[in-house]
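Fold and contact review
Below, each chain spelled out in residue letters.
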Amino acid sequence: MKGMDSMAHEVKGVIARSKGAPVELTTVVVPDPGLGEALVRIQACGVCHTDLHYREGGIGEDFPYLLGHEAAGVVEAVGEGVSGLEAGDFVILNWRAVCGQCRACRRGRPWYCFSTHNATQKMTLTDGTNLSPALGIGAFAEKTLVAAGQCTKVSSQVKPEVAGLLGCGVMAGLGAALNTGQVGRGDSVAVIGCGGVGCAAVLGARLAGASKIIAVDIDDRKLAWARELGATDTVNSRETDPVEQIRALTGDNGADVVIEAVGRPETYTQAFYARDLAGTVVLVGVPTPDMRLELPLLDVFGRGGALKSSWYGDCLPDRDFPMLTDLHLAGRLPLEKFVSETIALDAVEEAFAKMQRGEVLRSVVTL
Ligand code: APR
Ligand code: ZN
Ligand code: ZN
């Protein structure tokens with residue numbers, strides 16, 4: 001380890017001890033960074049649906065989980081074998097540290113890497129119980145231990161609560177438009193579902209130069225947020241048929257790119273029929289294992305185009321995070337609009353409830 005005297009660190013962290021139980025603020029023991037690892041002092045971490053899914057047992061049974069994964073902070077120390085990262089660097093954490101070795105990486109498609117890295121050593125409770133960090137991060141904590149490749153250095157002028165957003169949901173939405181959907185100048189885009197992910201897709205479409213951006217949701221509050229982020233038109237799909245509306249708004253053609261940010265068969269079907277012939281559908285919403293999709297195969301054939309999924313916005317952290325933070329600093333990407341509130345580490349449970357009631361785009365823990 002370089003940069004400080006060797007010792008384990010006792011810090012406060014938010015854990016999900018068992019399925020469905022409210023989260024707890026407790027003491028977490030974080031080891032010094034070993035080979036290829038980095039110790040990061042967390043400054044901000046957004047509250048994401050995935051944290052709640054862990055708490056509810058929807059992702060695995062490896063309790064207790066150390067929650068939080070949408071974070072920014074300052075590197076406190078790095079372990080042996082780490083280059084290009086040092087104590088004092090301001091970083092955004094990512095949950096896909098690409099390996100550079102697997103078949104996807106070697107073929108030049110590292111955003112499909114299937115061998116992404118996490119820290120090797122375990123963080124624990126004070127009684128020695130191993131913790132499972134959410135998405136290999138665990139950042140609702142004063143400090144966390146990650147693989148060095150999970151840290152992407154960005155300008156320290158960006159506020160931590162804004163930078164951290166790029167670690168998950170906002171990057172997923174921006175990337176769905178920019179990377180997966182390849183939205184271009186003058187394109188028409190529709191986004192179905194305007195939570196944090198969908199609103200980020202709206203912003204991504206605007207950044208890419210789309211001329212028409214149609215936001216669809218069943219909640220007028222979300223539609224108002226989408227408009228603030230760049231939607232030119234809004235459709236409340238509880239009141240009107242979104243497919244007809246999107247067609248009407250695009251000269252009866254359908255949109256060039258439709259981004260589905262809900263993750264349900266009904267909304268996917270809407271996306272499928274709301275696009276222009278040979279248009280693109282991007283699925284960035286995450287379905288559950290029980291969901292099934294039924295479509296006439298002839299329509300799949302006859303409508304042509306591309307049906308794509310977007311994992312983490314097909315992002316490459318080292319390419320995309322510095323670019324997006326620089327655009328933010330240049331006043332071209334108002335990421336601060338996603339921060340509905342900043343909260344303390346002991347308010348995560350309350351933030352889950354607000355998220356479920358649809359009251360926030362993002363609650364962000366600041367430390
Ligand atoms: N039609 C249109 N919009 C819908 C519908 C529907 N049938 N059902 C829900 N919505 C809207 C909600 O009103 C909400 O605004 O979809 C939005 C979902 O947003 P959030 O719950 O805030 O979720 P978000 O964080 O944006 O993530 C969206 O992407 O990463 C995945 O797991 C995540 O599947 C989730 C999706
Ligand atoms: Zn790889
Ligand atoms: Zn997330």
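Residues numbered from 1 in each chain as written. Chains lettered and ligands numbered in written order. Predicted model: local features only at pLDDT ≥ 70, side-chain atom pairs only at ≥ 80, totals over all residues.

1. Quick look at the environment of N130
Here N130 lies in the loop between strand 7 (124-125) and strand 8 (132-133). Separated by 161 residues in the primary sequence, N130 and M291 place their C-alpha atoms 33 Å from one another. Among residues more than four places away in sequence, those in contact with N130 are K122 and T124. (Helix = DSSP H or I, 4+ residues; strand = E, 2+ residues; numbered from the N terminus. Contact = placed C-beta atoms within 7 Å.)

2. Details of the sheet that holds strand 8
Taken together, 5 strands build an open sheet; the order of strands is 7-2-1-4-8 and the sheet is mixed. Both outer strands of the open sheet, strand 7 and strand 8, are each paired with one neighbouring strand and no more. (Pairing = 2+ DSSP bridges.)

3. Quick look at the pairing of strand 16 (residues 306-309)
Bridge count between strand 15 (residues 275-283) and strand 16: 4 bridges; the pairing is parallel. Across the sheet, L283 pairs through a bridge with S309, a residue of strand 16. As a crossover connection, the stretch from strand 15 through helix 9 (residues 297-303) into strand 16 is right-handed. (Right-handed = clockwise from strand over helix to strand, strands pointing away.)

4. So, the packing of helix 7 (residues 242-249) against helix 8 (residues 265-274)
To describe two helices that pack against each other, one gives the angle between their axes and the distance between the axes. In the contact formed by helix 7 and helix 8, the axes pass within 9 Å of each other and the chain directions differ by 25 degrees. Relative to helix 8, helix 7 is oriented roughly parallel. Crossing geometry of helix 7 relative to helix 8 is assigned as right-handed. In this structure, helix 7 uses P242, V243, I246 and R247 to contact helix 8, whose residues at the interface are Q270, Y273 and A274. Here the residues of the contact of helix 7 with helix 8 sort into 5 nonpolar, 1 polar and 1 charged. (Axes fitted to C-alpha atoms, helices over the stretch in contact; angles between N-to-C directions. Parallel < 35°, antiparallel > 145°, perpendicular 65-115°, else oblique. Left-handed = near helix turned anticlockwise from the far one by under 90°. Nonpolar A, V, L, I, M, F, W, Y, C, P; charged D, E, K, R; others polar.)

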